Amino acid sequence: GSELMKGKRGLIMGLANDKSIAWGIAKACADAGAELAFSYQGDALKKRVEPLAASLGSDIVLPCDVTDEGSIDALFDGLKERWDNIDFVVHAIGFSDKNELRGRYVDTSRANFAMSMDISVYSFTAVVQRAEKMMNRGGSCLTLTYYGAERVMPHYNVMGVAKAALEASVRYLAEDLGKDGIRVNAISAGPIKTLAASGIGDFRYILKWNELNSPLRRTVTTDDVGNSALYLLSHLGGAVTGETHHVDCGYHVVGMKAVDAPDI
Ligand code: NAD
C-alpha cells in the first residue's frame, strides 16, 4: 500500500459485512496506512465486524445506533478513551422500511418518512457534531449518497428525498466547519449489491441497467468507492469540500439509453 494515510486516524460507521461500502473504504484507508476504529449497529453485527476490523489491525470496535443520541455520545466517549484526536469519519449508514422501497413515492407514510430522514440524514449531522470536537488539526467527513437524490429512480422513493436532504446538509456542514479546516463531502455511488440495496425493489434490473448504460459499461465495486474515498479523506482532496462526487462509472452524465444496449 501507499503511505497516503500514514499517521491518520479515522472512524468507519456502517460496516455490516464484507459486501458493505464501508468495507471497501476501510480496506483502502488501511492499505494506505490509516489507523481505524469501527462502529456497528446492534449485537448481531458485533461478531461480524470484530473479525473484519481485526484483519485490518483494529481492535477499536464500538456499538452505535444512530437513532439514539446517548448511543452516539457513548461511541465518541469510547473513542476518546483510545484516541485524543481523529482525522476522518466515514458515515455509510442509511435505512428505510423496505415496504416503501417499491410502489409509489406518493404513498410514503409519515412514520417511515420521519425514520428514513432521521437515520439517513440527521445521523450524519449528529455524527459530524461530535467528530468536530475530536478534529483538532482539521479533518475530513464523508457520507454516501445516490443519484436518486437528483433524478427519479425506480423504487428509490423516500430514500431519494432523504439523499437530497443529505446532500444539502453536506453543503451546510462544509460551510460551518470549513473555517476549522474540516472538509465535508459525499460520494454518490452507483448501485452495488449490498445488504441495504437488497431491500430495493427490482435491484438486479437496476444493476444491469447501469452496467449496460454507463459510459464505462460496468457496475461499480466497493473497491472503486474505497479508492475514490481516499482522495476525499486524504490531503489529495485538500481543497474539496461541500461536494457530491459521483463514483458511478459515469452513469450520471448519460441522457439516453445506449444504442448498443440490449433491452433487459
Ligand atoms: P450495508 O447494508 O452494508 O450498510 C448499511 C449500514 O447502515 C449497515 O451497516 C447498518 O447497520 C447501518 N445502519 C442502518 N441503520 C442504522 C442505525 N440506526 N444505526 C447505526 N447504523 C445503522 O449497505 P451499503 O450499501 O454499504 O450502504 C452504505 C451507504 O451507502 C448507505 O447510506 C447507502 O444508502 C449508500 N449507498 C448505497 C448504494 C448501493 O447501491 N449499495 C449506492 C449509493 C449509496
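Residues numbered from 1 in each chain as written. Predicted model: local features only at pLDDT ≥ 70, side-chain atom pairs only at ≥ 80, totals over all residues. Heavy atoms only, no water.

Engineer: Give a description of the site of the ligand that names residues and reports values.
Structural biologist: Gly14, Ser20, Ile21, Ile192 and Thr194 are the nearest of the 29 residues found near the ligand. Within the backbone of Ile21, an N or O atom sits 2.8 Å from an oxygen atom of the ligand. Between the ligand and the protein, one listed contact pairs an oxygen atom with a side-chain N or O atom of Thr194 at 2.5 Å. Protein burial of the ligand: of its 820 Å² of free accessible surface, 93% is covered by the chains. (Near = heavy atom within 4 Å. Polar contact = N/O pair within 3.5 Å; in protein donor to acceptor, adjacent residues only side chain to side chain. Areas by Shrake-Rupley, 256 points an atom, 1.4 Å probe, with all protein chains shown as cover.)

Engineer: Describe the pairing of strand S1 (residues 9-13), listing the residues and the values that go with them.
Structural biologist: In terms of burial, S1 is largely enclosed, as 4 of its 5 residues are buried. Between the parallel pair S1 and strand S2 (residues 35-40), the chain is carried across by helix H1 (residues 21-31), and the sense of this crossover is right-handed. When S1 meets strand S4 (residues 88-91), the two strands line up parallel, connected through 4 bridges. Counted as the bridge partner of Gly10 is Phe88 from S4. (Buried < 20%, exposed > 50% of the residue type's maximum accessible area, 1.4 Å probe, protein only. Helix = DSSP H or I, 4+ residues; strand = E, 2+ residues; numbered from the N terminus. Right-handed = clockwise from strand over helix to strand, strands pointing away. Pairing = 2+ DSSP bridges.)

Engineer: Could you give an account of the packing of aromatic side chains, with specific residues and numbers?
Structural biologist: A full pass over the atoms with the stated rule returns 3 aromatic pairs. When the ring of Tyr147 is compared with that of Tyr251, the centres are 6.0 Å apart and the planes differ by 85°; the resulting orientation is edge-to-face. Here Tyr147, found in the loop between strand S5 (139-145) and helix H5 (157-178), pairs with Tyr251, found in the segment after strand S7 (244-247); they are 104 residues apart in sequence, far enough to count as distant. Look at Tyr251 and you get buried, because its relative accessible area is 13%. (Phe/Tyr/Trp six-rings, centres within 6.5 Å; stacked < 30°, edge-to-face > 60°.)

Engineer: Give me the pairing of strand S6 (residues 182-189): which residues, what numbers.
Structural biologist: Burial analysis of S6 places 8 of its 8 residues in the buried class, which makes it a mostly covered element. Of the two faces of S6, the one holding Ile182, Val184, Ala186 and Ser188 and the one holding Arg183, Asn185, Ile187 and Ala189 are both buried throughout. Sheet analysis places S5 next to S6, joined by 7 bridges and oriented parallel. Of the residues in S6, the one forming a bridge with Gly139 is Ile182.

Engineer: I'd like a description of the environment of Ala174, backed by residues and values.
Structural biologist: Mapped onto the elements of the fold, Ala174 is located in helix H5. Distance from Ala174 to Asn136, taken between C-alpha atoms, is 16 Å for residues 38 residues apart in sequence. Not counting residues within four places of it along the chain, the set of residues in contact with Ala174 comprises Val184, Thr241 and Gly242. (Contact = heavy atoms within 4.5 Å.)

Engineer: Could you give an account of the state of the cysteines, with specific residues and numbers?
Structural biologist: A disulfide bridge is the covalent bond that connects two cysteines by way of their sulfur atoms. In this structure the tally under the stated criterion is 0 disulfides. Free of any disulfide, Cys29 has its nearest cysteine sulfur in Cys141, 13 Å distant. Looking at the unpaired Cys64, the closest cysteine sulfur is the one in Cys141, lying at 15 Å. (Disulfide = S-S within 2.5 Å.)

Engineer: Pulling in residues and values, what's your account of helix H4 (residues 110-132)?
Structural biologist: Compared with the 33 Å implied by 1.5 Å per residue over 23 residues, the 32 Å span of H4 between its first and last C-alpha is a close match. At Tyr122, H4 shows its strongest bend, of approximately 45°. Of all the positions in H4, only Asn112, Ser116, Ile119, Ser120, Val121, Ser123, Phe124, Ala126, Val127, Val128, Arg130 and Ala131 are classed as buried. On its buried face, H4 is in contact with S1, helix H3 (69-82), S4, S5, H5 and S6. (Expected span 1.5 Å × (residues − 1). Bend = angle between axes of the 7 residues up to and from the residue.)

Engineer: Describe the environment of Asp65, and please don't skip the residues or the numbers.
Structural biologist: Among the structural elements, Asp65 can be located in the loop between strand S3 (61-63) and H3. Judged by relative accessible area, Asp65 falls into the partly exposed class, the value being 29%. Remark: the alpha-carbon pair of Asp65 and Leu75, spanning 10 residues in sequence, is separated by 9.3 Å. Beyond its immediate stretch of four places on either side in the chain, Asp65 contacts Gln41, Ser71 and Ile72. Looking at Asp65, its side chain comes within polar contact range of the side chain of Thr67, at 2.7 Å.

Engineer: Which residues make up the side chain of Ser120, and what values do they have?
Structural biologist: If you trace the backbone, Ser120 turns up in helix H4. On the basis of relative accessible area, Ser120 is assigned to the buried category, the value being 1%. Of the polar contacts made by the side chain of Ser120, one reaches the backbone nitrogen of Phe95; its length is 3.0 Å. Of note is the side chain of Ser120, whose polar atom sits 2.9 Å from the backbone oxygen of Ser116. Not counting the four nearest positions on each side in its chain, Ser120 is found in contact with His91, Ile93, Gly94, Phe95, Met159, Ala162 and Leu166.

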